[in-house]
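Chains, contacts and geometry: an overview
So the chains spell out like this:
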Amino acid sequence: MTRAAHCIGDDALWQAHTEAKAALIDEVKQQCDIELNPDHPILGFARRMTAYKRPDLLFSELACLKAIAGQYPFQMVLEGKAHPMDHEGKQFVEILHQHLCELAGTLPIAYLPDYDMALALKLVSGSDVWLNTPS
């Protein structure tokens, strides 16, 4: 087995990430009309929206999140959807949108609708940091 780190130089790897980040920024602009700053880190987060995956955990301390964003500017791109029969999961999507409104002006956040594998690829490859919550 050969690891990519042994075959791909640092410059080529960084260039690939930079291009992927630009593609994600373009996708966010196209879908959400939100301008992300290519110089600030993008935190990516995607989950199936259901209670046991705790999709709201990141937003449990909004004051703390605002303070961090004020000192160390970053931005977030979120994706996910609930199963059509999961009413609690649908409520989590609504709650996340409420948090986005509460953080507006402090922390740029985009929620990309219609989560699918093609969109997930853009998010994973274009994010600088990937967030996971316990499930």
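Within every chain, residues take consecutive numbers counted from 1 along the sequence as written. This being a predicted model, a pLDDT of at least 70 is required before a residue's local features are given, and a value of 80 or more before pairs of side-chain atoms are given or counted; all residues contribute to the totals for chains, interfaces and linings. Think of the side-chain values as coming from all heavy atoms in the structure, minus any hydrogens and water.

**What to know about helix H5 (residues 117-126)**
An α-helix turns once per 3.6 residues; consequently, residues spaced three or four apart project the same way. For H5, every residue scored as buried is listed here: Leu119, Ala120, Leu123 and Gly126. Buried residues along H5 cover an arc of 150 degrees about the axis, so they all sit on one side. Of the residues in H5, the exposed ones pointing more than 90 degrees away from the buried face are Met117, Ala118 and Leu121. Note on contacts: a residue pair qualifies if any of its non-hydrogen atoms lie within 4.5 Å across the two residues. Secondary structure elements are taken from DSSP: a helix is a run of H or I of four residues or more, a strand is a run of E of two residues or more, and numbering for both begins at the N terminus. On its buried face, H5 sits against helix H2 (10-32), strand E1 (42-46), strand E2 (75-79), strand E3 (109-112) and strand E4 (129-130). Exposed residues in this analysis have more than 50% of their type's maximum accessible area, buried residues have under 20%, and partly exposed residues fall in between, with area computed by a 1.4 Å probe over protein chains only. Arc definition: it is the arc formed by the directions from the helix axis to the C-beta atoms.

**Looking at the sheet that holds E1**
In this description, strands pair whenever DSSP reports at least two bridges between them. Strand order in the open sheet made by the 4 strands is E3-E2-E1-E4, with parallel pairing throughout. This sheet does not close on itself; its edge strands, each paired only once, are E3 and E4. As judged from the 4 bridges shared by E2 and E3, these two strands associate in the parallel manner. Residue pairing in the sheet places methionine 76 in a bridge with isoleucine 109 of E3. Across the sheet, H2 is in contact with E1, E2 and E3; its angle to E3 comes to roughly 75 degrees. Packed on one face of the sheet, helix H4 (residues 87-103) meets E2 and E3 and runs near 155 degrees to E3. Fitting a line to C-alpha atoms yields each axis, with helices limited to the stretch in contact; the angle taken between N-to-C directions then spans 0 to 180 degrees.

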